[in-house]
Amino acid sequence: MMQLRFNSKKTKVRGASSKQSKPSRTFNGRQFLPVLWLSVVIALSVVVVQVVAGKLDQPVSRVVINGDFVNVERQQLVAAVEVFLGSGFLLLDLDGIRLQLNQQPWVFDVMVERHWPDEIAITVIEQKAIAHWGDHAYLNHRGEVFSPDKRAANGSGLPELLGPKDSEQQVMNHFRS
């Protein structure tokens, strides 16, 4: 037969705990009051900024294009600018307008400015052709080649210069001397 052995060591039975229970804490909302106020102030600020920006960002109602034009066609400039006028006054992409207009072959430089409240002022400086370069291009006062679609209105009296590619500056310097 098999004998079973049990541990005869007695375990102590514990009764009620000797620790006293702590009183329950009540919720103190005052410590969260600064966070609540900060949240309210931020939310109101966002709403105010959106409302003010909506009121200020009116559509552009007037575009003024300034410049002395001989070879630049004003209608081409207007058509290039109209693409950008869908956004409001504040969100208008002035750099995009400037880059778009600078791609016109007879345009040398462009300045674009906002005039409050709804006007855009564009100043265009036209290329000044000082010589023909080959059959279909011109040299400007900096010795840079530009190739417009149409011939210069006053281009009949311009000298004709030629040279290898990338020799425009040397040919221009020699021509000037």
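Please read these numbers as outputs of a predicted model, since none were measured by experiment.

Student: Could you give an account of the overall build of the chain, with specific residues and numbers?
Tutor: Counting its regular elements, the chain contains four helices and seven strands. Along the chain, helices and strands appear, N-terminal first, in the series α-β-α-α-β-β-β-β-β-β-α. Within the chain, the proportion of its 177 residues that are buried is 27%. By sequence separation, contacts in the chain at least 24 residues apart represent 53% of the contacts at least 6 residues apart.

Student: Outline unusual backbone geometry, listing residues and values.
Tutor: Most peptide bonds take the trans form, and the phi angle of most residues other than glycine is negative. A cis amide bond links Trp116 to the next residue, Pro117, at an omega of 10°. Relative to the assigned elements, Pro117 resides in the loop between β2 (107-115) and β3 (119-126). Here the phi dihedral of Asp166 falls at roughly 65°; this positive angle occurs in a residue that is not glycine. Tracing the sequence through the fold places Asp166 in the loop between β7 (160-161) and α4 (168-176). Look at Asp166 and you get exposed, because its relative accessible area is 64%.

Student: Describe the pattern of salt bridges, naming the residues involved and giving the relevant values.
Tutor: In this structure the tally under the stated criterion is one salt bridge. Across the pair Arg62 and Glu119 runs a salt bridge, and its minimum N-O distance is 3.4 Å. A residue pair is termed long-range when its members are at least 10 positions apart, and Arg62 in strand β1 (residues 62-66) and Glu119 in strand β3 qualify at 57 residues.

Student: I'd love a proper account of the sheet that holds β7, names of residues and values included.
Tutor: Taken in spatial order, the four strands make up an open sheet running β6-β5-β4-β7, and their pairing is mixed. The sheet terminates laterally at β6 (145-146) and β7, the two strands that pair on one side only. Where strand β5 (residues 137-139) and β6 come together, two bridges link them in antiparallel fashion. Across the sheet, the residue bridging to Leu139 is Val145, located in β6.

Student: Kindly report on the sheet that holds β1, identifying the contributing residues and their values.
Tutor: If you walk across this open sheet you meet the three strands as β1-β3-β2, and the pairing is mixed. At either margin of the open sheet sits one strand with a lone partner, and together these are β1 and β2. Averaged over all pairs of adjacent strands, the angle between their axes in this sheet comes to 15°, without regard to strand direction. Relative to β3, β2 runs antiparallel, the two being bridged by eight bridges.

Student: Any details on helix α3 (residues 94-102)? Residues and values, ideally.
Tutor: Within the sequence span of α3, burial applies to Leu94, Gly96, Ile97 and Leu101. Taken down its axis, α3 places every buried residue within 160° of arc, on the same side. Against the buried residues of α3 lie α2 (74-82), β2 and β3.

Student: So what's going on with the pairing of β3? Which residues, and what values?
Tutor: Counting buried positions over the eight residues of β3 gives six, a clear majority of the element. Where β1 meets β3, five bridges bridge the pair, whose relative direction is parallel. Looking at the pairing, Val64 lines up with Ala121 of β3. Counting the residues that bridge the hairpin from β2 to β3 gives three residues.

Cut-offs applied
- Residues numbered from 1 in each chain as written.
- Predicted model: local features only at pLDDT ≥ 70, side-chain atom pairs only at ≥ 80, totals over all residues.
- Heavy atoms only, no water.
- Helix = DSSP H or I, 4+ residues; strand = E, 2+ residues; numbered from the N terminus.
- Buried < 20%, exposed > 50% of the residue type's maximum accessible area, 1.4 Å probe, protein only.
- Contact = heavy atoms within 4.5 Å.
- Salt bridge = Lys/Arg side-chain N within 4 Å of Asp/Glu carboxyl O.
- Pairing = 2+ DSSP bridges.
- Axes fitted to C-alpha atoms, helices over the stretch in contact; angles between N-to-C directions.
- Arc of directions from axis to C-beta.

Nothing here speaks to function; it is geometry throughout.
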